[in-house]
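Observations on the three-dimensional arrangement
So you can see what is in the structure, the chains are spelled out below.
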Amino acid sequence: MTTLDEGTDLGMPELRRDGLFGVPAAPDPGTRKEFTSDQEVRWCPGCGDYAVLAAVQGFLPELGLKRENITFVSGIGCSSRFPYYLDTFGMHSIHGRAPAIATGLATARGDLSVWVVTGDGDALSIGGNHLIHALRRNVNLTILLFNNRIYGLTKGQYSPTSETGKVTKSTPMGSIDAPFNPVSLALGAEATFVARTVDSDRAHLTSVLRQAAAHRGTALVEIFQNCPIFNDGAFDSFKGRDTEGSIIPLVHGQPVRFGADGSLGVVRAPGGGVRIVETSSVGDGDLLVHDAHADDASTAFALSRLTDAGHLHQAPIGIFRQVERPTYDDLARQQVSTARESLGDGDLATLIAGKDAWTVPA
Amino acid sequence: MSKQVKQLERVIIRFAGDSGDGMQLTGARFTAETAAFGNDLSTLPSFPAEIRAPAGTMAGVSSFQVHFADFDILTPGDSPDVLVAMNPAALRANRPDLRPGASVIVDTHDFTKRNLARAGYEQNPLEDGSLEDFNLHALDLTATTVEAVKDFGLSRKDAARAKNMFALGLLSWMYGRPTEPTIEFLSTTFAAKADLRDANITAFRAGWNFGETTEAFAVRYEVRPAAMAQGRYRNITGNLALAYGLIAAGRLSGLPVFLGAYPITPASDVLHELSKHKNFGVTTFQAEDEIAGVGAALGAAYGGHLGVTATSGPGIALKAETIGLAVMLELPLVICDIQRGGPSTGLPTKTEQADLLQAKFGRNGEAPLPIVAPRSPTDCFDAAIEAARIAVTYRTPVMLLSDGYLANGSEPWLLPDIDALPRIEPDFARTTNHTVQGKDGEDVQTFWPYQRDPQTLARPWAIPGTPGLEHRIGGLEKEDGSGDISYEPANHDLMVRTRAAKVARVAETIGRTYVDDPTGDARTLVVGWGSTYGPIGAGVRRVRREGIAVAQAHLRHLNPFPADLGEVLHRYDRVLVPEMNLGQLSMLLRAEFLIDAVGYHQVRGLPFRAEELADVIRELATTKETSP
């Protein structure tokens, strides 16, 4: 077991390790082609899922893992077809349950890199319970949450991330639900890694994936993903050239600054939150320096609240939080090995006889 | 003074008191003593769903019945010969089960005006003559106990709490039970609290001595050890045997056991027990809900573990969709349903066997799965291994239907020879299994996840980490062989029939129906499944003693049925199917075999009484021929 030098003393065995520790490395990293299955991709033309798939297919060889030790588990929804298109092990499961299934798999098998592919309806509506519990347990999973703010596969009903007032097939007079902010939700659920990226920004997406994969514990990556059929343009503010005023880039150790020529920035607000100011109105030293590794998630949460709740014009992008905490699966496996070391491998005949057995003579 | 000793063949004792009176412990200790003594025995614990119902009320009454004998017995017994009632509510709640002549030992301490009223008594039954049919021993057990332990400096409340051990000591004297196991038990249990340990041991001994010296008890009873087959025995409850069966299945298959579960009565003990045995390579996952419990188990099964979930009926309802996924994925999974009274929350601590149709049909689409049901507490061990064998061999979820009576009831268990238990072969896929034509017409080796074993129709179990066998599976319909998504009509029809055929093929490995028909000329067959085995068997014995020929068959496999079952059923003029539901097995038998099965149903949250079943069997077996 490798351990790091520093860390919070949790009174627990030290289990901080890289996210891919224990997964066998490939002698040859392989190619994008080798990670691509023979199945015809069946998303709608222009779907943001294509871009994410291409990024993942291109990125996986970089991990340098044996392909057979990578498993993708998905739920139900357009994005959940994802595993079919990767030539790794994969399971297209049932609606909302991928984190639960992946928890069992990751706990059973420390030698696998386990990925969950889910959507806003899958992860936050029908599967909300499993998502928050995976996050609090900190199971070693990487969860890709494709957020298109709509139900695509069922042809266009509002989702738990749709803005209030959204007119859809099931809300002809406008949705009356308040939406979830997935990043805020994950932070509230004790997540140890929370990031947000955009389908069309391959470089950023890949960089976030890289760090998510390296994180030991549950990594939640929200991906703004355009649905060209039922919610086209929902993320237009974050695409193309003119995104300076929309994307609030979060870079660990850097002041949070955005807008044309860095004219806007984020400072701490009285009362504990954060707010956006014109940088000209404050000193350079007053800008909030992003600390993704802060033990306290309050500032990360405050940053997540800079995301528009209605139509999206502005949102922080990047890694909100990345902290170390022992993972459920490591601890579960360690309890098994500790029991075996201290008690010896169980003897079945002794176990079933118990302490009060008696003998009936012939 | 040496007291008279009277020989008995069998005795039924029921300890009853308030939920906080320690009646379950008292019963369990008496049972352990009885097991050590060598009687055959069967127990029936009964307790409220509330952890601490209001003290002294009927709702709070907890009881433990133990039946022991010098011959092999099948049930915990119908009517207690001895009722130990620690308060008015315990007396009132259990009195209807007593026959005239029964002994009633009552702790009079709580027979105050207030507690009588709480129990719903208008007059004191100890004084109004209403118990004159019984052999009544009205004693202030509490005061006697407090007096006996006064030297240990306990609070009056703690001192009084030892009254259950006093009662146990008294009954142990009365039936000549060995005392060493209980003294050893108390020494271990209270090792860290010397005053409580000494007080409880003293109370226990005082109870024994009280029986020995007091004039109130003139007779001791002797129930000789039962003639049991040679071997090593222990007493065991169904849930414990089930947990051990799962651990054994892990050993027999070489697969690590992974239990995903959410606490639910009466299944939680399986989770508790398995969580203690991590040194057997067992992983337990207490999930956020029932769905995650089975989901994680399925995920672990996908990863090559023996995936197990344990729950009760409400949990099965929640797990249905995931079980359907397991049917589609064709992965091994053992699903334990420890049935309880339903529907909905129903009777959490009471028994019922009304989940058979849920087990068989409770999923969308045609989603068949094998169903196995243990018939006694000890049989839970073998049934768990059998469920795992079928699951692993046929790559299918298997439902194991126990119930609250089996879960908490206990009986002596002849310990099996571990080395003689059958191996379970996981037979993981290691290599490609299919050849396709490449672009240039060349042969390309590939892996087809749905290419089946021609004998079992099982598909290969290729776990992640196996090089060259990367593949995708999911809940969408598969193309036969390749496992690719397919919406093709003929393929779907084929796959639905193939999944059904695979489950049907399990019948090839489960043997023929065992029919107990000693005279060979019975015209009436009694068919049961699950925990009714004991009461049906006891009822059948009774009518046979009257010279009436009756055959008995008890089904362990509810899906598929044994291949010869139809032929067996048609051999008899009359088929009686007693069930603790409104006719679920009889519905299946009527539908599948077109026989006129006669049902007998009770859903009282309690096991059948042998006597009532004897009446029903006698009536049917002696009916004049009605067949055309």
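Residues numbered from 1 in each chain as written. Chains lettered and ligands numbered in written order. Predicted model: local features only at pLDDT ≥ 70, side-chain atom pairs only at ≥ 80, totals over all residues. Heavy atoms only, no water.

Turning our eyes to something else, we now look at the sheet that holds strand β4 (residues 61-69) of chain B. All names here are of chain B. Sheet architecture is open: six strands sit in the order β3-β4-β2-β5-β6-β7, paired in mixed fashion. A single partner strand is all that each edge strand has here, and the edge strands are β3 (40-46) and β7 (135-139). On average, adjacent strands in this sheet sit at an angle of 10° to one another, irrespective of strand direction. As defined by bridge partners, strand β5 (residues 82-85) adjoins strand β6 (residues 103-107) across four bridges and the pair is classed as parallel. Bridge assignment links Leu83 to a residue of β6, and that residue is Val104. Relative to β4, helix α1 (residues 23-37) is tilted by about 10°, and along the sheet it contacts β2 (10-18), β3 and β4. Packing of helix α6 (residues 163-174) onto the sheet brings it into contact with β2, β5, β6 and β7, and relative to β6 it is tilted by some 155°. (Pairing = 2+ DSSP bridges. Helix = DSSP H or I, 4+ residues; strand = E, 2+ residues; numbered from the N terminus. Axes fitted to C-alpha atoms, helices over the stretch in contact; angles between N-to-C directions. Contact = heavy atoms within 4.5 Å.)

This part covers helix α17 (residues 533-545) of chain B. The periodicity of an α-helix, 3.6 residues per turn, causes residues three or four positions apart to be oriented the same way. Residues and elements named next belong to chain B. Over its 13 residues, α17 extends 18 Å from the first C-alpha to the last, a length consistent with the 18 Å expected when each residue adds 1.5 Å. Those residues of α17 not exposed but buried are Gly534, Pro535, Ile536, Gly537, Ala538, Gly539, Val540 and Val543. Packing partners of the buried residues in α17 comprise β21 (524-529), β22 (551-555), β24 (574-579) and α20 (610-621). Positioned one or two residues after α17, Gly547 has a phi angle of 90°, which is positive. (Expected span 1.5 Å × (residues − 1). Buried < 20%, exposed > 50% of the residue type's maximum accessible area, 1.4 Å probe, protein only.)

Residue and element names in this part refer to chain B. For the coordinates displayed, the defined rule picks out four cavities of 30 Å³ or more. Its volume calculated, the largest cavity comes out at about 100 Å³. Residue lining of the largest cavity: 14 residues in total, with Leu44, Pro45, Thr349, Lys350 and Thr351 positioned closest to the centre. Secondary structure elements with two or more residues in the lining of the largest cavity: β3 and α15 (404-408). Tallied by class, residues from the lining of the largest cavity come to six nonpolar, seven polar and one charged. (1 Å grid on protein atoms, 1.4 Å probe; cavity = no way out; pocket = protein on both sides within 12 Å on 5 of 7 lines; lining within 4 Å. Points joined across faces, edges and corners; volume = space filled by probe spheres on them. Nonpolar A, V, L, I, M, F, W, Y, C, P; charged D, E, K, R; others polar.)

Bringing the confidence of the model for chain B into the picture now. Of all residues in chain B, 99% attain a pLDDT of 70 or more, and the chain-wide mean is 96. For this predicted complex, the interface score ipTM comes out at 0.95, while the overall pTM is 0.94. (pLDDT = per-residue confidence, 0-100.)

Attention shifts here to the packing of aromatic side chains. The way to describe two aromatic rings as a pair is by their centre distance and the angle between their planes. For the structure on display, the rule yields 23 aromatic pairs over all chains. Between Tyr328 of chain A and Phe285 of chain B, the aromatic rings sit 5.6 Å apart at their centres with planes inclined by 80°, giving edge-to-face as the arrangement. Within this pair, whereas Tyr328 of chain A is found in helix α8 (residues 328-343), its partner Phe285 of chain B is found in strand β11 (residues 283-286), the two belonging to separate chains. Judged by its relative accessible area of 21%, Tyr328 of chain A is partly exposed. When the ring centre of Tyr533 of chain B is taken as origin, the NZ or CZ atom of Arg375 of chain B, which lies over that ring, is 4.0 Å away. Directly above the aromatic system of Tyr450 of chain B lies the positively charged group of Arg459 of chain B, at a separation of 4.7 Å from the ring centroid. (Phe/Tyr/Trp six-rings, centres within 6.5 Å; stacked < 30°, edge-to-face > 60°. Lys NZ or Arg CZ within 6 Å of the ring centre and 35° of its normal.)

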